[in-house]
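These are the residues of each chain, in order.
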There are 2 protein chains.
Amino acid sequence: MFTKLCRPVPSINFRTVTCFCKPRQLNKYYNIIARSNCSASSSFLCDKNVIFVAGLGDIGLDTSKELLKRDLKNLVILDRIDKPELVCELKELNPKTKVTFMPYDVTVPIAESKKLLKKIFDKLKCVDILINGAGILDDHKIEATIAVNYTGLVNTTTAIMDFWDIRKGGPGGIICNIGSVTGFNPITQVPVYSGTKAAVVNFTSSLAKLAPITGVTAYTVNPGITRTSLVAKFNSWLDVEPDVAELLLEHPTQSTKECAASFVKAIEKNKNGGLWFLDQGILEDIKWDKHWDPCI
Amino acid sequence: MFTKLCRPVPSINFRTVTCFCKPRQLNKYYNIIARSNCSASSSFLCDKNVIFVAGLGDIGLDTSKELLKRDLKNLVILDRIDKPELVCELKELNPKTKVTFMPYDVTVPIAESKKLLKKIFDKLKCVDILINGAGILDDHKIEATIAVNYTGLVNTTTAIMDFWDIRKGGPGGIICNIGSVTGFNPITQVPVYSGTKAAVVNFTSSLAKLAPITGVTAYTVNPGITRTSLVAKFNSWLDVEPDVAELLLEHPTQSTKECAASFVKAIEKNKNGGLWFLDQGILEDIKWDKHWDPCI
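Right, let's walk through the structure included here. Just so it is clear, the structure is predicted and the values come from calculations on it, not from any experiment. (Residues numbered from 1 in each chain as written. Chains lettered and ligands numbered in written order. Predicted model: local features only at pLDDT ≥ 70, side-chain atom pairs only at ≥ 80, totals over all residues. Heavy atoms only, no water.)

**Some words on the sheet that holds strand 8 (residues 282-285) of chain A**
All names here are of chain A. Where we set the bar: Here the rule is simple: two strands pair whenever DSSP picks up at least two bridges between them. Secondary structure elements follow DSSP: runs of H or I of four or more residues count as helices, runs of E of two or more count as strands, with numbering from the N terminus. Between N-to-C directions, angles span 0 to 180 degrees; the directions come from axes that are lines fitted to C-alpha atoms, helices contributing only their stretch in contact. Contacts are residue-level and defined by heavy atoms, with any inter-residue pair within 4.5 Å sufficient.
Within the open sheet, the eight strands sit side by side as 3-2-1-4-5-6-7-8. Their pairing is mixed. A single partner strand is all that each edge strand has here, and the edge strands are strand 3 (98-103) and strand 8. Here the average twist between neighbouring strands, direction ignored, is 20°. With six bridges connecting them, strand 5 (residues 173-178) and strand 6 (residues 216-223) associate as parallel partners. The residue bridging Gly173 from the neighbouring strand is Val216, located in strand 6. Against the sheet, helix 4 (residues 110-124) makes contact with strand 1 (49-53), strand 2 (74-79) and strand 3, and its axis sits at roughly 160° relative to strand 3, the strand it touches most. On the sheet, helix 6 (residues 191-209) packs against strand 5, strand 6 and strand 7 (275-279) and is oriented at approximately 155° with respect to strand 6.

Below, the structure is given as structure tokens:
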């Protein structure tokens, strides 16, 4: 039911409406463009406006490239550090998609996140999907790991609700949070990091269940061990295993390209509450055990 | 195997050794006291030195009272706000146990946690069990919820490793972390809180698996809905459900006394890696699903 948050202008065929904005926020020009860009067989992502936090990261960059194959309308990349050469490369990949970069550190106060989002919404009028992908892996840095991986993701999510929440007259939207397989079962040598990812998985499963109230659907993509610079070398908690990176990489892993392909497939499936497990080229929707139920 | 971290002085019967300190850290007097206080049939907790973070809280206070029935040697209560009348009440409950209160806010920098712990270790010589029980429930306060419920718990745990880690010549120890059933499956109306509890559950399961390296065992106690002041009234995330507290309390709950009884039973079971589910007077060790394995 929540894949149909889209509110089509009554006289327009459903398939031609590519934005989740309310009818009053759509204009004819926007819809005509949408129609001209997307064929009936095109991706769910065609002509969408997507914000990608950490879209220049290791997994982020290849996922941005994969997204650009889907003829988005706008890809707004928010990342801590500008990498103009990478942004240029992305801009050249598909002339149908406007790629924009804006600096964003997810650890800023939520008021700043809202300000930045307001700029984006003012410019694009509507945003369809927010991908929260900021993450660090260094169990020597407890505060930073938690601030980036969990607090930052929660704050960015909370900030965008100002624009999306149907209770405020917003159009709804889709949140794609990057968790990790360590949110299911930890890498014990990085308990702080793994804990933050469990928090992301749990938090996002709540968002999904709140969709009838907020109009905002949500799911997680949870990559297995992916050969990124993040994983090449990192600190374990209290150095319990100085060779944790090397040990991990002795087992089957996936490339960032494989991960990105599954990532975008998961986005296209657009399943509210999806717990996507992305490992070694495989994409699977995990079933979570029910240990109790608050019954509310 | 990790229930036997205790290193008995060779000539002393195992049951009489009540401290996890290394033999060199034990003195005869301490062991004689231990013997005289504890009968063969006495609780695992008899003559133990226990630090209880948030031991004056709603669940904390009744658990402190329950602990005091077990003839601890020392109960050091660390809490944010001193409540002298409650501390007095606890002191009077059992003359065999020395009850001490020290102010502690888990959100202080880790260096301060270490300083405070040093004072305690200097005074008691050894500490057997750390109970991390600080928690807040208010999804309007994102930063505070995460700082208290997850970061504070991680920092306090990390701080005590300076004194316990066997790699540093420490004697090992036991960590009892208070999670919540919402760490298994969330109360969707408080996704921020529930996420922090999932983090605690995941983090602690790592600690348990690291015990062969650190000598420190760990488990979580995860209360179901317990009739505390915390639960009587609290804010849901973005007010998605203003009556969340009332709705929760319409379903079967447990009293703080019931919770405390199960809590101390769980401590007495002393199971490394235990995922204790404490609800309506029932104590159950949850089996966690394995979705993947890092193989290291």
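**Digging into the sheet that holds strand 5 (residues 173-178) of chain B**
Strands pair in a sheet through their backbones, by hydrogen bonds, and they do so in one of two ways: parallel or antiparallel. All names here are of chain B. Reading across the sheet, the eight strands line up as 3-2-1-4-5-6-7-8 and stay open at both edges, with mixed pairing between neighbours. The outermost strands of the open sheet, each flanked by one partner alone, are strand 3 (98-103) and strand 8 (282-285). Within the sheet, the average angular offset between the axes of one strand and its neighbour, ignoring direction, is 20°. As defined by bridge partners, strand 1 (residues 49-53) adjoins strand 2 (residues 74-79) across five bridges and the pair is classed as parallel. Considered in strand 2, the bridge of Val50 is made with Leu75.

**As for the packing of aromatic side chains**
Aromatic rings considered in pairs are described by the distance between their centres and by the relative angle of their planes. Basically, it comes down to this: Side-chain rings of Phe, Tyr and Trp, where Trp is taken by its six-membered ring, are said to pair if the distance between their centres is within 6.5 Å; with planes under 30 degrees apart they count as stacked, over 60 as edge-to-face, and otherwise as tilted. Relative accessibility thresholds used throughout: buried, under 20% of the residue-type maximum; exposed, over 50%; partly exposed, between the two (1.4 Å probe, protein chains only). We call a charge positioned above a ring when the Lys NZ or Arg CZ atom is no farther than 6 Å from the ring centre and deviates by at most 35 degrees from the ring normal.
Applying the stated criterion to the full structure yields 13 aromatic pairs over all chains. Centre to centre, the rings of Tyr150 of chain B and Phe203 of chain B are 6.1 Å apart; their planes meet at 85°, and the pair counts as edge-to-face. In this pair, Tyr150 of chain B is assigned in helix 5 (residues 142-164) and Phe203 of chain B in helix 6 (residues 191-209), connecting sequence segments 53 residues apart. Between Phe184 of chain B and Phe277 of chain B, the ring centres sit 6.2 Å apart and the planes meet at 80°, which makes this aromatic pair edge-to-face. One end of the pair, Phe184 of chain B, is in the loop between strand 5 and helix 6; the other, Phe277 of chain B, is in strand 7 (residues 275-279), and 93 residues separate them in sequence. Here Phe184 of chain B matches Phe277 of chain B in class, with each residue buried. Here a set of aromatic residues connected by ring pairs shows up, and it is made of Phe184, Phe277 and Trp288 of chain A together with Phe184, Phe277 and Trp288 of chain B. Here the basic side chain of Lys48 of chain A rests over the ring of Phe44 of chain A, its NZ or CZ set 4.7 Å away from the ring centre.

**Focus: the relation of the copies chain B and chain A**
This is how it is decided: Copies are brought into register by a least-squares superposition over C-alpha atoms of residues with pLDDT of at least 70 in both.
Note on the identical chains: chain B maps onto chain A by a rotation of 180° and an axial translation of 0.0 Å, with an RMSD of 0.0 Å. This pairing of chains is accounted for by a two-fold axis. Nearest to the rotation axis, the C-alpha of Ala199 of chain B is located 2.5 Å from it, this being the minimum over chain B.

**Observations concerning the environment of Asp79 of chain B**
Residue and element names in this part refer to chain B. Mapped onto the elements, Asp79 comes out in strand 2. Look at Asp79 and you get buried, because its relative accessible area is 13%. The sequence separation of Asp79 and Leu247 amounts to 168 residues, and the corresponding C-alpha distance is 30 Å. Every residue in contact with Asp79, bar those within four places of it in the chain, is listed here: Ala54, Gly55, Leu56, Gly57, Phe101, Met102, Pro103 and Tyr104.

**Things to note about the pairing of strand 4 (residues 129-132) of chain A**
Residues and elements named next belong to chain A. As a reminder, the rule being used: The handedness rule is simple: strands pointing away from the viewer, and a clockwise path from the first strand over the helix to the second, make the crossover right-handed.
The side-chain alternation of strand 4 yields two buried faces, one formed by Ile129 and Ile131 and the other by Leu130 and Asn132. Sheet topology places strand 1 next to strand 4; four bridges connect them, and they run parallel. The residue of strand 4 that forms the bridge with Ile51 is Leu130. Two strands pair when backbone bridges link them, and strand 4 and strand 5 are joined in this way by four bridges, in the parallel orientation. Bridging from a neighbouring strand, Leu130 pairs with Ile175 of strand 5. At this point the chain moves from strand 4, through helix 5 (residues 142-164), to the parallel strand 5, and the crossover so formed is right-handed.

**Description of the side chain of Ser206 of chain A**
Here Ser206 of chain A is to be found in helix 6. Assessed through its relative accessible area of 0%, Ser206 of chain A is described here as buried.

Distances and angles like these do not, on their own, reveal function.
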